[in-house]
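A closer look at the structure
Given next are the chains, with one letter for each unit.
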Amino acid sequence: EAAVTQSPRNKVAVTGGKVTLSCNQTNNHNNMYWYRQDTGHGLRLIHYSYGAGSTEKGDIPDGYKASRPSQENFSLILELATPSQTSVYFCASGEVPGYAEQFFGPGTRLTVL
Amino acid sequence: AQSVTQPDARVTVSEGASLQLRCKYSYFGTPYLFWYVQYPRQGLQLLLKYYPGDPVVQGVNGFEAEFSKSNSSFHLRKASVHWSDWAVYFCAVSMWPGYQNFYFGKGTSLTVIP
(Lines give C-alpha, C1' and ligand atoms only; values in the text may rest on other atoms or scores of the structure.)
Protein backbone atom coordinates (compact mmCIF):
# COMPACT_ATOMS: atom_id res chain seq x y z
CA GLU A 1 0.00 0.00 0.00
CA ALA A 2 1.32 3.39 -1.00
CA ALA A 3 2.28 5.40 2.03
CA VAL A 4 4.31 8.17 3.56
CA THR A 5 6.28 7.22 6.64
CA GLN A 6 8.29 9.39 8.99
CA SER A 7 10.98 8.70 11.54
CA PRO A 8 11.36 9.22 14.34
CA ARG A 9 7.78 9.68 15.53
CA ASN A 10 8.95 11.49 18.63
CA LYS A 11 12.21 13.29 19.29
CA VAL A 12 13.63 15.25 22.18
CA ALA A 13 16.65 17.37 21.31
CA VAL A 14 18.84 19.86 23.10
CA THR A 15 19.26 23.47 22.09
CA GLY A 16 22.14 23.80 19.64
CA GLY A 17 22.07 20.18 18.66
CA LYS A 18 21.56 18.79 15.17
CA VAL A 19 18.28 17.08 14.33
CA THR A 20 17.42 15.12 11.22
CA LEU A 21 13.85 14.15 10.44
CA SER A 22 13.37 11.52 7.77
CA CYS A 23 10.55 10.86 5.37
CA ASN A 24 10.00 7.98 2.98
CA GLN A 25 7.26 7.65 0.39
CA THR A 26 6.22 4.68 -1.73
CA ASN A 27 3.77 6.71 -3.83
CA ASN A 28 6.38 7.31 -6.54
CA HIS A 29 5.49 11.00 -6.43
CA ASN A 30 7.95 13.53 -7.73
CA ASN A 31 7.00 16.20 -5.22
CA MET A 32 7.60 16.09 -1.51
CA TYR A 33 6.96 18.65 1.21
CA TRP A 34 7.84 19.42 4.81
CA TYR A 35 5.36 21.32 6.99
CA ARG A 36 5.23 22.26 10.62
CA GLN A 37 2.01 22.43 12.56
CA ASP A 38 1.57 24.79 15.48
CA THR A 39 -1.51 25.69 17.43
CA GLY A 40 -3.07 28.79 15.95
CA HIS A 41 -1.08 28.58 12.72
CA GLY A 42 -2.31 25.52 10.90
CA LEU A 43 0.27 23.99 8.58
CA ARG A 44 3.13 26.04 7.19
CA LEU A 45 5.43 24.98 4.37
CA ILE A 46 9.13 24.79 5.23
CA HIS A 47 10.77 23.17 2.20
CA TYR A 48 9.67 21.20 -0.80
CA SER A 49 11.22 19.23 -3.62
CA TYR A 50 10.41 18.56 -7.25
CA GLY A 51 12.48 15.39 -7.40
CA ALA A 52 15.72 13.75 -6.44
CA GLY A 53 18.48 16.29 -5.95
CA SER A 54 16.19 19.33 -5.76
CA THR A 55 15.10 21.36 -2.75
CA GLU A 56 13.21 24.63 -2.64
CA LYS A 57 12.38 27.05 0.15
CA GLY A 58 8.82 27.30 1.33
CA ASP A 59 7.27 30.03 3.41
CA ILE A 60 9.29 29.54 6.62
CA PRO A 61 12.70 28.04 5.68
CA ASP A 62 14.89 29.91 8.18
CA GLY A 63 16.72 27.53 10.49
CA TYR A 64 15.98 24.49 8.32
CA LYS A 65 17.71 22.65 5.52
CA ALA A 66 16.35 19.88 3.34
CA SER A 67 17.85 17.01 1.42
CA ARG A 68 16.31 14.85 -1.31
CA PRO A 69 18.82 12.10 -2.13
CA SER A 70 16.32 9.89 -3.95
CA GLN A 71 12.77 9.78 -5.24
CA GLU A 72 11.65 8.07 -2.05
CA ASN A 73 13.46 9.99 0.65
CA PHE A 74 13.26 13.58 1.84
CA SER A 75 14.94 14.79 5.03
CA LEU A 76 14.55 17.92 7.10
CA ILE A 77 17.65 19.05 8.93
CA LEU A 78 17.90 21.40 11.88
CA GLU A 79 21.61 22.22 12.15
CA LEU A 80 21.28 24.20 15.38
CA ALA A 81 17.98 23.37 17.01
CA THR A 82 16.22 26.05 19.03
CA PRO A 83 13.21 25.82 21.39
CA SER A 84 11.15 27.79 18.85
CA GLN A 85 11.43 24.78 16.56
CA THR A 86 9.44 22.66 18.97
CA SER A 87 6.52 21.56 16.86
CA VAL A 88 4.89 18.70 14.99
CA TYR A 89 6.43 18.15 11.56
CA PHE A 90 4.61 16.56 8.66
CA CYS A 91 5.98 15.22 5.44
CA ALA A 92 3.78 14.90 2.38
CA SER A 93 4.06 13.74 -1.20
CA GLY A 94 2.06 14.73 -4.25
CA GLU A 95 1.85 14.50 -8.01
CA VAL A 96 0.95 17.63 -9.94
CA PRO A 97 2.15 20.54 -7.84
CA GLY A 98 -0.64 22.51 -6.22
CA TYR A 99 -3.32 20.66 -8.16
CA ALA A 100 -3.54 17.11 -6.93
CA GLU A 101 -3.95 16.18 -3.32
CA GLN A 102 -1.02 15.73 -1.02
CA PHE A 103 -0.57 12.54 0.98
CA PHE A 104 0.64 13.06 4.52
CA GLY A 105 2.79 11.07 6.88
CA PRO A 106 1.83 10.53 10.53
CA GLY A 107 4.00 13.35 11.82
CA THR A 108 7.04 13.75 14.06
CA ARG A 109 6.67 15.45 17.40
CA LEU A 110 9.89 17.37 18.11
CA THR A 111 10.67 18.95 21.45
CA VAL A 112 13.77 21.12 21.75
CA LEU A 113 14.82 21.73 25.35
CA ALA B 1 -2.14 38.16 -0.34
CA GLN B 2 -3.66 34.74 -0.68
CA SER B 3 -5.17 33.33 2.48
CA VAL B 4 -7.58 30.83 3.94
CA THR B 5 -9.77 31.61 6.92
CA GLN B 6 -11.64 29.14 9.04
CA PRO B 7 -13.57 31.46 11.32
CA ASP B 8 -14.58 28.82 13.87
CA ALA B 9 -11.70 27.40 15.88
CA ARG B 10 -14.02 25.00 17.73
CA VAL B 11 -17.43 23.55 16.89
CA THR B 12 -19.52 21.25 19.07
CA VAL B 13 -22.43 19.28 17.69
CA SER B 14 -24.63 16.48 18.93
CA GLU B 15 -24.36 13.09 17.32
CA GLY B 16 -26.92 12.86 14.54
CA ALA B 17 -27.13 16.59 14.04
CA SER B 18 -26.14 18.32 10.84
CA LEU B 19 -22.80 20.05 10.48
CA GLN B 20 -21.35 22.97 8.60
CA LEU B 21 -17.73 24.02 8.86
CA ARG B 22 -16.87 27.30 7.24
CA CYS B 23 -13.97 28.19 4.99
CA LYS B 24 -13.29 31.45 3.21
CA TYR B 25 -10.42 32.11 0.87
CA SER B 26 -8.85 35.21 -0.52
CA TYR B 27 -7.70 35.00 -4.12
CA PHE B 28 -8.53 36.90 -7.29
CA GLY B 29 -8.84 33.85 -9.56
CA THR B 30 -10.49 30.45 -9.34
CA PRO B 31 -8.74 28.33 -6.78
CA TYR B 32 -8.43 24.61 -6.26
CA LEU B 33 -9.89 23.79 -2.85
CA PHE B 34 -9.50 20.91 -0.45
CA TRP B 35 -10.83 19.74 2.89
CA TYR B 36 -8.62 17.52 5.02
CA VAL B 37 -9.36 15.77 8.31
CA GLN B 38 -6.85 15.05 11.05
CA TYR B 39 -7.64 12.42 13.66
CA PRO B 40 -5.70 12.48 16.95
CA ARG B 41 -2.00 11.75 16.55
CA GLN B 42 -2.34 11.16 12.82
CA GLY B 43 -1.50 12.94 9.62
CA LEU B 44 -3.99 14.70 7.41
CA GLN B 45 -6.32 12.73 5.19
CA LEU B 46 -8.20 14.12 2.20
CA LEU B 47 -11.97 14.38 2.56
CA LEU B 48 -12.76 16.01 -0.76
CA LYS B 49 -11.40 18.34 -3.39
CA TYR B 50 -12.81 20.95 -5.74
CA TYR B 51 -11.56 21.65 -9.23
CA PRO B 52 -13.38 24.17 -11.46
CA GLY B 53 -16.70 22.65 -12.42
CA ASP B 54 -19.71 21.51 -10.41
CA PRO B 55 -19.75 23.69 -7.29
CA VAL B 56 -20.96 20.86 -5.03
CA VAL B 57 -18.47 18.08 -4.48
CA GLN B 58 -18.96 14.83 -2.64
CA GLY B 59 -16.35 13.34 -0.39
CA VAL B 60 -15.81 10.36 1.83
CA ASN B 61 -17.97 9.37 4.80
CA GLY B 62 -20.97 11.47 3.73
CA PHE B 63 -19.19 14.81 3.59
CA GLU B 64 -19.84 17.32 0.87
CA ALA B 65 -18.74 20.89 0.22
CA GLU B 66 -20.02 23.74 -1.86
CA PHE B 67 -17.87 26.26 -3.68
CA SER B 68 -19.17 29.80 -4.01
CA LYS B 69 -17.14 32.21 -6.07
CA SER B 70 -19.34 35.16 -5.17
CA ASN B 71 -18.82 34.51 -1.45
CA SER B 72 -15.23 33.22 -1.78
CA SER B 73 -16.26 30.28 0.31
CA PHE B 74 -15.95 26.50 0.41
CA HIS B 75 -18.04 25.27 3.32
CA LEU B 76 -18.05 21.65 4.43
CA ARG B 77 -21.32 19.95 5.31
CA LYS B 78 -22.58 16.68 6.66
CA ALA B 79 -26.22 15.74 7.15
CA SER B 80 -25.78 13.56 10.23
CA VAL B 81 -22.63 13.61 12.34
CA HIS B 82 -21.21 10.44 13.86
CA TRP B 83 -19.02 10.24 16.96
CA SER B 84 -16.17 9.05 14.73
CA ASP B 85 -16.17 12.46 13.02
CA TRP B 86 -14.55 13.94 16.14
CA ALA B 87 -11.38 15.43 14.62
CA VAL B 88 -9.73 18.60 13.35
CA TYR B 89 -10.72 19.77 9.88
CA PHE B 90 -8.52 21.85 7.62
CA CYS B 91 -9.46 23.79 4.55
CA ALA B 92 -6.69 24.30 1.99
CA VAL B 93 -6.37 26.22 -1.23
CA SER B 94 -3.99 25.95 -4.11
CA MET B 95 -3.84 28.89 -6.39
CA TRP B 96 -3.12 27.39 -9.78
CA PRO B 97 -1.71 24.24 -11.30
CA GLY B 98 2.03 24.11 -11.04
CA TYR B 99 2.20 26.25 -7.96
CA GLN B 100 3.76 24.26 -5.18
CA ASN B 101 2.11 25.75 -2.19
CA PHE B 102 -1.07 24.74 -0.49
CA TYR B 103 -2.30 27.37 1.92
CA PHE B 104 -3.97 25.82 4.93
CA GLY B 105 -6.47 27.36 7.28
CA LYS B 106 -5.81 27.13 11.01
CA GLY B 107 -8.26 24.30 11.39
CA THR B 108 -11.61 23.74 13.11
CA SER B 109 -11.72 21.32 16.00
CA LEU B 110 -14.98 19.36 15.94
CA THR B 111 -16.35 17.82 19.13
CA VAL B 112 -19.25 15.40 18.91
CA ILE B 113 -21.38 14.92 22.00
CA PRO B 114 -23.71 11.96 22.52
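As a starting point, this report considers the structure included with it. (Residues numbered from 1 in each chain as written. Chains lettered and ligands numbered in written order. Predicted model: local features only at pLDDT ≥ 70, side-chain atom pairs only at ≥ 80, totals over all residues. Heavy atoms only, no water.)

Right, let's talk about the interface of chain B and chain A for a bit. The interface is formed by 24 residues belonging to chain B together with 24 residues belonging to chain A. Both faces combined, the contact of chain B with chain A buries some 1900 Å², and carbon together with sulfur accounts for 52% of it. At the junction of chain B and chain A, the tally comes to 1 salt bridge. For the side of chain B that touches chain A, the secondary structure elements donating two or more residues are strand S5 (32–38), strand S6 (44–50), strand S10 (87–94) and strand S11 (102–104) of chain B. Broken down by element, the residue count for the side of chain B that touches chain A peaks at 4 residues, all from S5 of chain B. In terms of residue class, the side of chain B that touches chain A is built from 13 nonpolar, 8 polar and 3 charged. (Contact = heavy atoms within 4.5 Å. Buried area = accessible area lost by both parts, 1.4 Å probe. Salt bridge = Lys/Arg side-chain N within 4 Å of Asp/Glu carboxyl O. Helix = DSSP H or I, 4+ residues; strand = E, 2+ residues; numbered from the N terminus. Nonpolar A, V, L, I, M, F, W, Y, C, P; charged D, E, K, R; others polar.)

To continue, consider the state of the cysteines. Residues and elements named next belong to chain A. Scanning the entire structure with this criterion turns up 2 disulfides over all chains. For Cys23, the disulfide goes to Cys91, at an S-S distance of 1.9 Å. In this structure, the disulfide formed by Cys23 and Cys91 twists by about -75° around the S-S bond and is classed as left-handed. Of this pair, Cys23 sits in strand S3 (residues 19–25) while Cys91 is found in strand S9 (residues 87–94), placing the two residues 68 residues apart along the sequence. (Disulfide = S-S within 2.5 Å.)

Okay, the pattern of salt bridges next. Where charged atoms from two side chains of opposite charge come close, those side chains can pair. One pass over the structure, following the stated rule, counts 8 salt bridges over all chains. Between Glu101 of chain A and Lys49 of chain B there is a salt bridge, and its shortest N-O distance comes to 4.0 Å. Residue Glu101 of chain A is found in the loop between S9 and strand S10 (102–104), and its partner Lys49 of chain B is found in strand S6; the two belong to separate chains. Glu101 of chain A sits in the buried class, given a relative accessible area of 16%. Exposure remark for Lys49 of chain B: the relative accessible area of 33% places this residue in the partly exposed category. Measuring nitrogen to oxygen at the nearest pair gives 2.9 Å for the salt bridge that ties Glu66 of chain B to Arg77 of chain B. Linking Glu66 of chain B in strand S8 (residues 63–68) with Arg77 of chain B in strand S9 (residues 73–78), this pair joins segments that are 11 residues apart in sequence. For Glu66 of chain B, a relative accessible area of 33% translates into the label partly exposed. (Buried < 20%, exposed > 50% of the residue type's maximum accessible area, 1.4 Å probe, protein only.)

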